[in-house]
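Coordinate analysis (summary)
Listed here are the chains, written in short residue letters.
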2 protein chains.
Amino acid sequence: MTKARKAILKTLENVEEPISASELAKRLGDFCDPATVYRNLHYLEKNNLATSFILHCSEHGTERYYSSKEGNEHHHWFHCEQCHRFIDLGGCFYAEQVRQFEEKHAFTVHDHTFYLTGICQRCKQKLGL
Amino acid sequence: MTKARKAILKTLENVEEPISASELAKRLGDFCDPATVYRNLHYLEKNNLATSFILHCSEHGTERYYSSKEGNEHHHWFHCEQCHRFIDLGGCFYAEQVRQFEEKHAFTVHDHTFYLTGICQRCKQKLGL
DNA sequence: CAATATTTGCAAGTCATTTGCAAATAAAAG
DNA sequence: CTTTTATTTGCAAATGACTTGCAAATATTG
Ligand SMILES: [Mn+2]
Ligand SMILES: [Mn+2]
Ligand SMILES: [Zn+2]
Ligand SMILES: [Zn+2]
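Residues numbered from 1 in each chain as written. Chains lettered and ligands numbered in written order. Predicted model: local features only at pLDDT ≥ 70, side-chain atom pairs only at ≥ 80, totals over all residues. Heavy atoms only, no water.

1. Here we look at the protein's contact with DNA strand C
Selection rule: If a single non-hydrogen atom of a residue is within 4 Å of a molecule or strand, that residue counts as near it. Identification of polar contacts relies on pairs of N or O atoms within 3.5 Å, with a donor-acceptor requirement for protein atoms, meaning one able to donate a hydrogen and the other able to accept it, and with residues adjacent in sequence counted only if both atoms are side-chain atoms. In this text, helices come from DSSP runs of H or I with a minimum length of four residues, and strands from runs of E with a minimum of two, each type numbered from the N-terminal end.
In the vicinity of DNA strand C lie 19 residues, with Met 1 and Tyr 38 of chain A together with Thr 2, Arg 5 and Thr 36 of chain B positioned nearest. The sugar-phosphate backbone supplies 75% of the atoms of DNA strand C found within 4 Å of the protein. Met 1 of chain A has a polar backbone atom sitting 2.6 Å from a phosphate oxygen of DNA strand C. Arg 64 of chain A has a polar backbone atom sitting 3.0 Å from a phosphate oxygen of DNA strand C. Put simply, the parts of the chain that give the surface near DNA strand C at least two residues each are α3 (34-46) and β3 (61-68) of chain A together with α1 (3-14) and α3 (34-46) of chain B. Sorting elements by how many residues they give to the surface near DNA strand C places α3 of chain A first, with four residues.

2. Some details on the domain arrangement of chain A
Residues and elements named next belong to chain A. This is how it is decided: For the purposes of this description, domain bounds are those given by an automatic or database domain assignment. We call two residues contacting when some pair of their heavy atoms lies within 4.5 Å. Here the quantity called buried area is the accessible surface, traced with a 1.4 Å probe, that two parts lose on coming together, added over both. What makes a salt bridge here is a side-chain nitrogen of Lys or Arg within 4 Å of a carboxyl oxygen of Asp or Glu, nothing more. Throughout this entry, Asp, Glu, Lys and Arg are counted as charged residues, while Ala, Val, Leu, Ile, Met, Phe, Trp, Tyr, Cys and Pro are counted as nonpolar. The remaining residues, Gly among them, count as polar.
What the domain assignment reports for chain A is domain 1 (1-71) and domain 2 (73-129). For domain 1 and domain 2, the distance between their C-alpha centroids amounts to 19 Å. Listed per partner, the contact involves 14 residues of domain 1 and seven residues of domain 2. Across the domain 1/domain 2 interface, buried area totals approximately 1,000 Å², and carbon plus sulfur atoms make up 66% of it. Area buried by domain 1 at its contact with domain 2 is led by Glu 17, Phe 53 and Leu 55, which between them contribute 40% of it. Here domain 1 is connected to domain 2 by zero salt bridges. For the pair domain 1 and domain 2, the number of links is three residue pairs in polar contact (both at pLDDT 80 or more). Take the side of domain 1 that touches domain 2: its biggest share by element is five residues, from strand β2 (residues 50-57). Split into classes, the residues belonging to the side of domain 1 that touches domain 2 amount to six nonpolar, three polar and five charged.

Listed below in structure tokens is the structure:
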């Protein structure tokens, strides 16, 4: 494992929320090239050390967000459109529902995406909502 | 309502699956400029005549997919990574769950995204799976 | 029909992400 | 440890969906 790859994985592990590839590249700064960040994120995801999903937010546009993958769990998230933080909704709660859809429609599901967007409690208060 | 806008809306209404902006532009061909398609899709969505979601597929990349909006309903979809068709999973079944998350975390949800990706029945057969 | 507001085409930009390639580094072999 | 081979990296250029400025064209208003 190269030093760039180790640094990227460690950064993912130290962050408690999904982080976008571009933000990750920014944090690594001169440590390695953005292209290296992108390539290694692909590597980590293919090797089950990270997961990702794409999310669009009006301020940051459409980006892919990554989390390190501990075990086989993945979580679902709420994204605040104001402060751009994520709130963990907990481990995946869709396994059974997905299975039912597979049965009903006879397709095979490889992946599912679920997330919420809105305004978090803190931002509501700040804005007096 | 301009003729470009009418044509775009009619195309959306005649299509039974979500359609990407670029595919829509391709279908309209010389009828209007791609920029006009993008601008009108924004217009239609802002005026509650269409809805959209972004989805990544390895073959077509990350794109926004649009559907015409009849009433206030929105549907969730399965996307086949092989034939790139969508299968309707039915009207939204998350209203209650979203409400519970709002209560639990005290945030306000503006939108939610849910979709499945995988291989449809027909493609499984074709591939002998 | 004239005056005003909105929309369009076109060309140029934006921005996350990808890619070709030669140099640098890591892993395997001896 | 040194050589050989395989993988990874930086850099610069490309990609592709989407956006935007602007002047001409079309729609709406009165
Ligand atoms: Mn954001
Ligand atoms: Mn597709
Ligand atoms: Zn917030
Ligand atoms: Zn299929």
